[in-house]
Amino acid sequence: MKKTALITGANKSIGFETARQLLNLNYTVYIGSRDAEKGLKAVEQLKSEGFEDVEMVQIDVTDAASIHAAAAELTSKVARLDVLINNAGIPGVMPQNASEITQENLRNIFDTNFFGVVQTTQAFIPLLKKSDEPRIVNVSSDLGSLGNHTNPDYAHFDVKVTGYCSSKTALNAFTVMLAYEFRDSKFKINSVNPGYTATDFNGHTGYKKVEEAAEVVVQYAIIGADGPNGKFFSDYGETPW
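This one's a predicted model, so the numbers in the text were calculated from it and none came from an experiment.

(A) Structural context of the overall build of the protein chain. Along its length, the protein chain carries seven helices and eight strands. In terms of overall dimensions, the protein chain is globule-like: its C-alpha atoms have a radius of gyration of 17 Å, near the 18 Å expected for 241 residues. Overall size of the protein chain, expressed as C-alpha extent along the three principal axes, is 50 × 40 × 35 Å. Pairs at least 24 apart in sequence give 70% of the contacts found in the protein chain among residues at least 6 apart. As presented, the protein chain carries roughly 11,400 Å² of accessible surface, and 52% of it is formed by carbon and sulfur atoms. Separation of charge centres in the protein chain, based on 22 positive and 29 negative side chains, amounts to 4 Å.

See the structure below:
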């Protein structure tokens, strides 16, 4: 039986390419999309490329009812979920200086990038537990690394985007706590930084292609039983917390 994967925010960019690469590896992939129309278009595109085992699941990670509806839908379709990739995320309104960022902006960012991941993961844990090799990848950013932010030699040391960066720091903390909770199980749970990629997220200013970024995510979505758990990785290896 094929392994199954759900990717949130997968109707475009890195999430979409991650779906394509997992389909190439013979996974059945569920495209998680807040906008059903955009999700269906993504599925149509992949099917036009010859992929068959791909479907859309409408899910808004900021809406508990939407998340539980998505979990119920997937539970009715599959016996288990092997991979959950928490990819959905937002940059927030710029600028985000620590002394000036609004509570509204900060809360909106955290609703998607942190609380959205937590409640989505919790909803799909029961289905993941039915897998022999459950994998969770939390798509993070090296901008969430406090080690990087306190290192003047870090390439992006001057990028202090308070809301976005701190939401990814919180996400990394969730990765650590969840991985510890499931340390004696078959779960492998890691944070992964796909790198500064040219997407709508940053006005296509990134230096990496989506294909390269997705490869990093996929690498940790398909790790074996001897793979890492509770770690933070980029394409250059382990990233400091």
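Now that the structure has been shown, the text picks up again.
(B) Main features of empty space enclosed by the protein. Enumeration according to the criterion identifies one cavity of 30 Å³ or more in this entry. It is helix 4 (residues 103–128) that provides the largest number of residues to the lining of the largest cavity, a total of four residues.

(C) Highlighting the sheet that holds strand 7 (residues 232–234). With mixed pairing, the eight strands of this open sheet are ordered in space as 3-2-1-4-5-6-7-8. Among the strands making up the open sheet, the edge pair consists of strand 3 (54–58) and strand 8 (237–238). For strand 2 (residues 28–33) and strand 3, the ladder comprises five bridges, and the chain directions are parallel. When the bridges of strand 3 are listed, Tyr30 appears paired with Glu55. Along the sheet, helix 3 (residues 64–77) makes contact with strand 1 (4–7), strand 2 and strand 3, crossing strand 3 at roughly 150°. Lying over the sheet, helix 6 (residues 162–181) contacts strand 5 (135–139), strand 6 (188–192) and strand 7, oriented at roughly 165° with respect to strand 6.

(D) Structural view of the environment of Val29. Tracing the sequence through the fold places Val29 in strand 2. Each C-alpha atom, one on Val29 and one on His68, is 19 Å from the other, the two residues being 39 residues apart in sequence.

(E) Quick look at the packing of aromatic side chains. Per the stated rule, a full pass over the model turns up five aromatic pairs. A ring pair is formed by Phe110 and Phe114, whose centres lie 6.2 Å apart and whose planes are at 65°; its orientation type is edge-to-face. One end of the pair, Phe110, and the other, Phe114, are both in helix 4, four residues apart, so they sit about a helical turn from each other. A residue is classified by how much of its surface remains accessible, and Phe110, at 17% relative accessible area, is buried. Accessibility expressed as a relative area gives 18% for Phe114, which makes it buried. Three or more aromatic residues joined by ring pairs make a cluster, and in this case those are Phe110, Phe114 and Phe115. Taking the ring centre of Tyr180 as reference, the NZ or CZ of Arg183 above it sits at 3.9 Å.

(F) Fine view of a nonpolar patch on the surface. Judged by side-chain polarity, Val176, Met177 and Trp241 come together as a nonpolar surface patch covering roughly 290 Å² of accessible area. Inspection of the secondary structure assignment puts Trp241 in the segment after strand 8. A relative accessible area of 37% places Trp241 in the partly exposed class.

What counts as what
- Residues numbered from 1 in each chain as written.
- Predicted model: local features only at pLDDT ≥ 70, side-chain atom pairs only at ≥ 80, totals over all residues.
- Heavy atoms only, no water.
- Helix = DSSP H or I, 4+ residues; strand = E, 2+ residues; numbered from the N terminus.
- Rg over C-alpha atoms; globule rule 2.2 N^0.38 Å.
- Contact = heavy atoms within 4.5 Å.
- Areas by Shrake-Rupley, 256 points an atom, 1.4 Å probe, with all protein chains shown as cover.
- Lys, Arg positive; Asp, Glu negative; His and termini not counted.
- Charge placed at Lys NZ, Arg CZ, Asp CG, Glu CD.
- 1 Å grid on protein atoms, 1.4 Å probe; cavity = no way out; pocket = protein on both sides within 12 Å on 5 of 7 lines; lining within 4 Å.
- Points joined across faces, edges and corners; volume = space filled by probe spheres on them.
- Pairing = 2+ DSSP bridges.
- Axes fitted to C-alpha atoms, helices over the stretch in contact; angles between N-to-C directions.
- Phe/Tyr/Trp six-rings, centres within 6.5 Å; stacked < 30°, edge-to-face > 60°.
- Buried < 20%, exposed > 50% of the residue type's maximum accessible area, 1.4 Å probe, protein only.
- Lys NZ or Arg CZ within 6 Å of the ring centre and 35° of its normal.
- Patch = residues over 30% accessible without salt bridge, like charges linked within 9 Å, V, L, I, M, F, W, Y side chains within 5 Å.
- Salt bridge = Lys/Arg side-chain N within 4 Å of Asp/Glu carboxyl O.

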